[in-house]
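Descriptive structure summary
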Amino acid sequence: AIRELAISLIEGLADRGECEFVGEFAQIFPIGIFLDLVQLPATDRPMLLDMAKRIINGRTPGVRHAALAELIAYLGPVVRARREMPGDDLLSPLVNVIEHDGARIRENDAVSYANTVLLAGLDTVAGMLSMTARFLALHPHHRRALIDHLDDDAFLKGAVEELIRRHGIVGIGRVVTGDFTY
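Here we summarise the structure given alongside this text. Chains are numbered independently. Their residues run from 1 in the order of the written sequence. Confidence filtering applies because this is a predicted model: local features only for residues at pLDDT of at least 70, side-chain atom pairs given and counted only at 80 or more, and all residues used for totals across whole chains, interfaces and linings. Where side-chain values are given, they derive from all heavy atoms of the structure, hydrogens and water being excluded.

1. Concerning the overall build of the protein chain
A helix here means a DSSP run of H or I that spans at least four residues, while a strand means a run of E at least two residues long, and both kinds are numbered starting from the N terminus. Check the secondary structure of the protein chain and you find nine helices and zero strands. Seen in sequence order, the protein chain has helices and strands lined up from the N terminus as α-α-α-α-α-α-α-α-α. Categorising residues by exposure relies on relative accessible area from a 1.4 Å probe, with only protein chains included: less than 20% of the type maximum marks a residue as buried, more than 50% marks it as exposed, and the intermediate range marks it as partly exposed. Relative to its 182 residues, the protein chain shows a buried fraction of 31%. Taking contacts inside the protein chain between residues at least 6 apart in sequence as the whole, the part at least 24 apart equals 49%. Computed with the Shrake-Rupley method and a 1.4 Å probe, the accessible areas treat only the protein chains shown as cover for residues. On the protein chain, roughly 12100 Å² of surface is accessible, and the fraction owed to carbon and sulfur atoms is 58%. Under the convention used here, Asp and Glu are negative, Lys and Arg are positive, and both His and the chain ends fall outside the count. Throughout, a charge is located at the NZ atom of Lys, the CZ atom of Arg, the CG atom of Asp or the CD atom of Glu. Charged side chains in the protein chain number 19 positive and 25 negative. The centres of these two groups are separated by 6 Å. What makes two residues a contact is simply this: any of their non-hydrogen atoms within 4.5 Å.

Now the structure itself:
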């Protein structure tokens, strides 16, 4: 399914011979995979992508918090449904984690987990894909090496691990809600 999604996105761009990689591929590809893994409708992609962009890149805390509230409102019913009737999707075990005391996590924690996985998967993967594409565009000899070794699983595994290590991006923000000494 992941390969089919990648091929579909690339075929939609190929005739043009160019694209705006971040907006037309890097941000769309991971959310498509996520929606498939958690068995949510692909038609929700534009709405979720818009929310994620506002949460991550909103110009004010108000914009970011409003978008986060929208995402939580979207995820709440989904999480409740997966807690009531778990399925074989990625989200069901995540929202039904059992704590050390044997009790299942609280619903608001389950929504928070789902939110974290969604945003981390979108922003982190989109950033990594973007930086990897930039690296390969600026270093054609590395791009050619990948192409020359498409049938060499060991080479590709090592190359992918190195690209992830080199271009992994994580930026976690925090909101201070009270006095704090650092």
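Okay, back to it.
2. Brief notes about unusual backbone geometry
Notably, Gln39 is not glycine yet its phi reads approximately 55 degrees, a positive angle. Relative to the elements of secondary structure, Gln39 occurs in the loop between α3 (28-37) and α4 (45-57). Residue Gln39 is classed as partly exposed on the basis of its relative accessible area of 44%.

3. Concerning the packing of helix α5 (residues 61-84) against helix α7 (residues 107-138)
Every axis in this analysis is a line fitted to C-alpha atoms, fitted for helices over the stretch in contact. Angles between the N-to-C directions lie between 0 and 180 degrees. α7 packs onto α5 with a crossing angle of 115 degrees between their chain directions and a minimal axis gap of 9 Å. Between α5 and α7 lies a crossing whose hand is right-handed. Contacts between α5 and α7 involve Leu68, Leu71, Ile72, Leu75, Gly76, Val79, Arg80 and Arg83 from the former and Glu107, Ala110, Val111, Ala114, Asn115, Leu118 and Leu119 from the latter. Put simply, Ala, Val, Leu, Ile, Met, Phe, Trp, Tyr, Cys and Pro go in the nonpolar bin, Asp, Glu, Lys and Arg in the charged bin, and everything else, Gly too, in the polar bin. The class makeup of the residues in the contact of α5 with α7 is 10 nonpolar, two polar and three charged. Throughout, a crossing is termed right-handed when the near helix is turned clockwise from the far one, and left-handed when it is turned anticlockwise from it by less than a right angle.

4. Structural notes on the pattern of salt bridges
For salt bridges, the criterion is a side-chain nitrogen of Lys or Arg within 4 Å of an Asp or Glu carboxyl oxygen. Applying the stated rule across the entire model yields eight salt bridges. Across the salt bridge formed by Glu107 and Arg80, the nearest N and O atoms sit 2.5 Å from each other. On the criterion of sequence distance, the pair formed by Glu107 in helix α7 and Arg80 in helix α5 is long-range, its members being 27 residues apart. A residue is classified by how much of its surface remains accessible, and Glu107, at 30% relative accessible area, is partly exposed.

5. Describing α3
For α3, the buried fraction is high: eight of the 10 residues fall into the buried class. Among all positions of α3, only Ile28, Phe29, Pro30, Ile31, Gly32, Ile33, Phe34 and Leu35 are buried. Against the buried residues of α3 lie α1 (2-14), α2 (21-26), α4 and α7. Immediately downstream of α3, the backbone of Gln39 shows phi near 55 degrees, a positive value.

6. A closer look at the environment of Ile28
Counting through the fold element by element, Ile28 comes out in helix α3. Among the residues examined, Ile28 registers a relative accessible area of 17% and is labelled buried. When the C-alpha positions of Ile28 and Val111 are compared, they lie 23 Å apart, and in sequence the two are 83 residues distant. Those residues in contact with Ile28 that lie beyond four places of it in its chain are Leu9, Gly23, Arg45 and Leu49.

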